[in-house]
Every structure is written in C-alpha cells, then in structure tokens.
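Tertiary structure, described
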Amino acid sequence: VAQALGSMPSTMGELDSAALARQLAGKLGGNVLYLSSPFMAETESDADILRGQRTIRATLDAARHADLVLLGIGVIDPVRSSFVKAGFLTAERMHALAGSGVVGDMAGQFIRGDGGDGPRDVNHRVIGLTLDELRAIPHVLAIARGEEKEVAILGALRTGAVNVLATDDRTARGVLAREGQLLNG
C-alpha cells in the first residue's frame, strides 16, 4: 500500500492518510510505503522542494503505478473543510474558491463543477497525486455519501479520474437527479 497523499496535522488523526494506509495494509496483510511529508506545503516552491526529496519522490512514483487508488470526496464548506480545520486555508479563501466554481476536493485536489481542476496555486501545494496522475490509474474508487456531497461527487465524476463510486442509494439518486437537472434544464 503506497500512501498517495501527505499527512494531516496530528490533531486530525481520523483524516490522516498515513494512519489510513497503515489500517488498509493491516487488513490486506501487506506493507506500507509511507509518504513522509505534510499534506500541504506553505508555497508552490516549497511543494516542489518536498516532491524532489528522494523518499517522497519514490513513494509518489509507487502510487502513480498503482492499479487501484481509494480516495474520499470533500465539500467546499469552510465549516466542514479539513483544509480550514488544519489551518492550510482560511474560511475566506474557501468562500472565494466556491465563488470561482470549485465544488469540492478529492485526494486533496480542488475540483470544479464541470470536472475541471481547481486553482493551481492551491492544488500544486498539496503533496500527493494530481488529477492528471489519477486519470492515468486504471481503478480510482471514490467513497462519499450524503446530500451535502452530491455536487462535489458530480464534479469528481466529471473529472474523468473516478471510475468507481461507493455511496449509498439515497446519495446516488441525488447525484443522478442533479445530473438530470443539468442536462434537461
């Protein structure tokens, strides 16, 4: 199991990709290749330096060659955002992202409602796989549920990266209804 996203601060252990990778490897009886980096760098140039480190580069290379990636889909709501809770972005910045067409994130990458990438100045600071790299992986399984995530799920599906969605029936119907409204209205 290769960790494909840097780690959240220790105060957010339930969202930490290292802990999730460790749990998954334990259930599968495998080993973990850890990505020893923060979830997000302070600047794009800091992120470039981190991605250039030998161990980080090796782990990201292993993740790029995976057959399957598991990821979550997040909402742009500043109150619920892990980006805001971890101190990476302000609530004001999240509101500005929403105003620019961003509907959520997956694998730490902000996405627009039409499936396009969010702003580079934010996405490039995340230490993990990019949306283009996710699109090249054969099986990308996204896990998300709830009415509040329907728009973000639809945006994630439109990226062309996600080819398997794990959700509940109510959320699936809501996503399909939203897609139908957009196609018919």
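Read on for an overview of the structure.

What counts, and where the lines are drawn
Residues numbered from 1 in each chain as written. Predicted model: local features only at pLDDT ≥ 70, side-chain atom pairs only at ≥ 80, totals over all residues. Heavy atoms only, no water. Salt bridge = Lys/Arg side-chain N within 4 Å of Asp/Glu carboxyl O. Helix = DSSP H or I, 4+ residues; strand = E, 2+ residues; numbered from the N terminus. Buried < 20%, exposed > 50% of the residue type's maximum accessible area, 1.4 Å probe, protein only. Pairing = 2+ DSSP bridges. Patch = residues over 30% accessible without salt bridge, like charges linked within 9 Å, V, L, I, M, F, W, Y side chains within 5 Å. Areas by Shrake-Rupley, 256 points an atom, 1.4 Å probe, with all protein chains shown as cover. Lys, Arg positive; Asp, Glu negative; His and termini not counted. Contact = heavy atoms within 4.5 Å. Core = buried A, V, L, I, M, F, W, Y, C linked by side-chain atoms within 4.5 Å.

**Brief notes about the pattern of salt bridges**
Counted by the stated rule, this structure contains 12 salt bridges. The salt bridge partner of D48 is R51, with a shortest N-O separation of 3.2 Å. In this pair, D48 and R51 are both assigned in helix 2 (residues 44-51), 3 residues apart and thus about one turn of the helix distant. The exposure class of R51 is buried, given its relative accessible area of 16%. Residue R135 is joined to D117 by a salt bridge in which the shortest nitrogen-to-oxygen separation is 3.3 Å. Of this pair, R135 sits in helix 7 (residues 131-135) while D117 is found in the loop between strand 3 (109-112) and helix 6 (120-123), placing the two residues 18 residues apart along the sequence. Within the structure, one salt-bridge network assembled from shared partners comprises D61, R64 and E133.

**Focus: the pairing of strand 2 (residues 102-106)**
The element strand 2 is extensively covered by neighbouring structure, given that 5 of its 5 residues are classed as buried. Direction of pairing for strand 1 (residues 68-75) relative to strand 2: antiparallel, over a ladder of 3 bridges. Bridge assignment links V75 to a residue of strand 2, and that residue is G104. As judged from the 4 bridges shared by strand 2 and strand 3, these two strands associate in the antiparallel manner. Paired with V102 across the strands is R112, a residue of strand 3. Connecting strand 2 to the antiparallel partner strand 3 that follows it, the hairpin turn spans 2 residues, and A107 within it adopts a positive phi of roughly 50°.

**Overview of a nonpolar patch on the surface**
A surface patch of nonpolar side chains, amounting to about 430 Å² of accessible area, comprises V1, L24, L28, L68 and L70. For L70, the location among the structural elements is in strand 1. Its relative accessible area of 44% is what places L70 among the partly exposed residues.

**A word on the side chain of D105**
One can find D105 in strand 2. Put simply, D105 is tucked away with no salt bridge, and the nearest opposite charge, on K149, sits 7.8 Å away. If near-sequence neighbours (up to four positions away) are discounted, D105 is found in contact with G72, I73, G74, V75, F83, F110 and I111.

**Here's the deal with the nonpolar core**
In this structure, V69, L71, I73, M106, L129 and L134 are the most contacted members of the largest nonpolar core, which totals 28 residues. Listed by contribution, the elements that provide at least two residues to this core are helix 3 (54-64), strand 1, strand 2, helix 7, strand 4 (139-143) and helix 8 (150-158). In terms of residue count, helix 8 provides more of this core than any other element does, 4 residues in total. In contact with L129, other than residues within four places in its own chain, are A4, L60, A63, R64, V69, A107, Q109, L134 and I137. Within the second largest apolar cluster, 15 residues are counted, among which are L5, F39, M40 and L89.

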